[in-house]
Amino acid sequence: MNSRIIKLVQATPFLAAVYREKNFTKAAKLLGVHQTAVSHRITAIEEMLDIKLIERTTRSLNFTQYGGWICEAATKSIDDIESALHRIMQARHNATIRVSAPPSLAMKWLIPHMMQARDAGIDMSVQAQTKLVDFAKGEADIGIRFGHGNYPELNRIKLCGSDMQALASPTYIREHNIDINNPWASDVDILVDYVSETDPIDWGWQYYAAGEPAFNASISKASKFDRTDLAIQAAISGLGIALGRSLLYEHEVQNGFLVPLGKPVPASPSDWLVCSKEFARTEQYRKFAPWLRQQVKDTQSIMDGYHYS
């Protein structure tokens, strides 16, 4: 048994008590020791492993991803502690960054940038997920979330603002004689991502209509899809007009598959890069975050000065 395991086993009562009580003072009372003894023992383990186990504030105590693994294992057995330590060491030395993103963003934007990531020396894997991953459980290293940034327990940076943009294929525009500057003067077919329309987040055709007084098309008769990228793909296929959001349509416009109709309408939600506060201190994050922000900036610059002819 190596020295780290021995010290972890010796600290088991402290780690387990803190995990159960979620409070240093209560853990100390449970152990019959002074609160500083608990704090010092946790700090000593953090220094030995060179990782943060617990994020402390004046009002709360939150376990980091690794802290959760170790402290939970301390409530079980030595084998569990050894397994948790091995899991931590493996995760810390794994060069691959596991990136979680909504399926539409993963398919339309993130996966096409994997070659640029490789060229920049970044090894990443993409997880397309509709649910929010639990970083504390190690379900992903980092994530991109579309929302208002209400993630106080996580490290977060705003990647970009978001616009809602009506889009159609050049063929559809010609066949329906659509004026791209005044598209709603024509009888058009609307394509809807019904999941976004029913989501409590303020994005979708109803919000677009609120920002574009000229919009008068029927949403009730629209063709419906359960993902934004599917609605966009339907627009590329000439089925009607889809509503795209930033990062999902710029390359389709650049490649001539879609044409922006009218002006974009600003949306309240934005794209955020989120991860545990512990992962934000890693070299992987310090390399990945600036690279990703530059990719976002480059994507949005595609629309600068764009004109359809």
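All values derive from a computational prediction rather than experimental measurement.

**Thoughts on the sheet that holds strand E5 (residues 142–147)**
Right, so step 1: Here 6 strands make up an open sheet; going across it, the order is E4-E3-E5-E10-E6-E9 and the pairing mixed. Edge positions in the sheet fall to strand E4 (124–128) and strand E9 (242–245), since each has one partner strand and no second. Going across the sheet, the axis of each strand differs from the next one's by a mean of 25 degrees, ignoring polarity.
Right, so step 2: Of the strand pairs in this sheet, strand E6 (residues 155–168) and strand E10 (residues 259–275) are connected by 11 bridges, and their pairing is antiparallel.

**Looking at the side chain of Ser276**
Right, so step 1: Here Ser276 shows up in the loop between E10 and helix H14 (283–301).
Right, so step 2: Classification of Ser276 as buried rests on a relative accessible area of 10%.
Right, so step 3: Within the local environment of Ser276, its side chain forms a polar contact with the backbone nitrogen of Phe279, the two atoms lying 3.0 Å apart.
Right, so step 4: Aside from chain neighbours lying at most four places away, what touches Ser276 is Phe135, Leu154 and Asn155.

**Things to note about the pattern of salt bridges**
Right, so step 1: Taken as a whole and judged by the stated rule, the model has 8 salt bridges.
Right, so step 2: Here Glu72 and Lys76 are joined by a salt bridge, their closest N and O atoms 3.6 Å apart.
Right, so step 3: Across the pair Arg286 and Glu283 runs a salt bridge, and its minimum N-O distance is 3.5 Å. Of this pair, Arg286 and Glu283 both sit in helix H14, 3 residues apart, which is roughly one turn of the helix.
Right, so step 4: Taking the relative accessible area as the measure of exposure, Arg286 reaches 46% and is therefore partly exposed.

**Some words on the pairing of E6**
Right, so step 1: Summarising the sheet, E6 and E9 pair through 4 bridges and their orientation is antiparallel. Its bridge partner being in E9, Met164 is matched across the sheet by Arg245.

Conventions and cut-offs
Residues numbered from 1 in each chain as written. Predicted model: local features only at pLDDT ≥ 70, side-chain atom pairs only at ≥ 80, totals over all residues. Heavy atoms only, no water. Pairing = 2+ DSSP bridges. Helix = DSSP H or I, 4+ residues; strand = E, 2+ residues; numbered from the N terminus. Axes fitted to C-alpha atoms, helices over the stretch in contact; angles between N-to-C directions. Buried < 20%, exposed > 50% of the residue type's maximum accessible area, 1.4 Å probe, protein only. Polar contact = N/O pair within 3.5 Å; in protein donor to acceptor, adjacent residues only side chain to side chain. Contact = heavy atoms within 4.5 Å. Salt bridge = Lys/Arg side-chain N within 4 Å of Asp/Glu carboxyl O.

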